[in-house]
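For reference, the chains in residue letters:
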Amino acid sequence: QVQLVESGGGLVQAGDSLRLSCAASGRTFSSSPMGWFRQAPGKEREFVAGISRSGGSKSYGDSVKGRFTISRDNAKNTVYLQMKSLKPEDTAVYYCAVAPRYSGIAYNTESYDYWGQGTKVTVSS
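About the thresholds
- Residues numbered from 1 in each chain as written.
- Predicted model: local features only at pLDDT ≥ 70, side-chain atom pairs only at ≥ 80, totals over all residues.
- Heavy atoms only, no water.
- Disulfide = S-S within 2.5 Å.
- Helix = DSSP H or I, 4+ residues; strand = E, 2+ residues; numbered from the N terminus.
- Buried < 20%, exposed > 50% of the residue type's maximum accessible area, 1.4 Å probe, protein only.
- Salt bridge = Lys/Arg side-chain N within 4 Å of Asp/Glu carboxyl O.
- Pairing = 2+ DSSP bridges.

Re the state of the cysteines
Item 1. Summed over the entire model, instances satisfying the criterion amount to one disulfide.
Item 2. Covalent S-S linkage joins C22 and C96, the inter-sulfur distance amounting to 1.9 Å. Between C22 and C96, the S-S dihedral sits near 50°, and the bridge is therefore right-handed. One end of the pair, C22, is in strand β3 (residues 18-25); the other, C96, is in strand β9 (residues 92-98), with 74 residues separating them in the sequence.
Item 3. With relative accessibility at 0%, the residue C22 sits in the buried group.

Examining the pattern of salt bridges
Item 1. For the structure on display, the rule yields five salt bridges.
Item 2. The partner of D90 in a salt bridge is R67, with the nearest N and O atoms 2.7 Å apart. You can see D90 sitting in the loop between β8 (78-83) and β9 and its partner R67 sitting in the loop between β6 (58-60) and β7 (68-73), a full 23 residues away along the chain.
Item 3. With a relative accessible area of 1%, D90 lands in the buried category.
Item 4. A salt bridge links D113 to R101; the shortest N-O distance between them is 2.9 Å. One end of the pair, D113, is in the loop between β9 and β10 (114-115); the other, R101, is in the loop between β9 and β10, with twelve residues separating them in the sequence.
Item 5. Each of R38, E46, R67 and D90 takes part in salt bridges that share partners, so that together they form one network.

Structural notes on the pairing of β9
Within a regular strand, the side chains alternate between the two sheet faces.
Item 1. Taking burial as the measure, the seven residues of β9 include six buried ones, the bulk of the element.
Item 2. Summarising the sheet, strand β4 (residues 34-39) and β9 pair through six bridges and their orientation is antiparallel. Bridging from a neighbouring strand, F37 pairs with Y95 of β9.
Item 3. For β9 and strand β11 (residues 119-124), the ladder comprises three bridges, and the chain directions are antiparallel. Within β11, the position partnered with V93 by the bridge is K120.

This is the structure we're talking about:
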């Protein structure tokens, strides 16, 4: 069983930065791609960023490219999402997830088997 716990969300102003963390328990962490998704009120959950098992490959959604950075520390069983130049449209609940059935970065929610409870990010204008 894998458990994921996100932290680091909060209320910030446009242009600010935040770093989200996702601490994982379970043996599949270091052997699995990880991802960050977000869901705004009334919208579908969308892919934000993904990272390969080793951390050598990363991918981002178009709306966050150049502003967000995903990273992982397998020794600490933790994946991070550094968010810079935040915009009001980044307001959402952010979720981390694990895709143990995949060897590379996965982009769809259906590819992920385990999810955290989410952490809320609110960006005021």
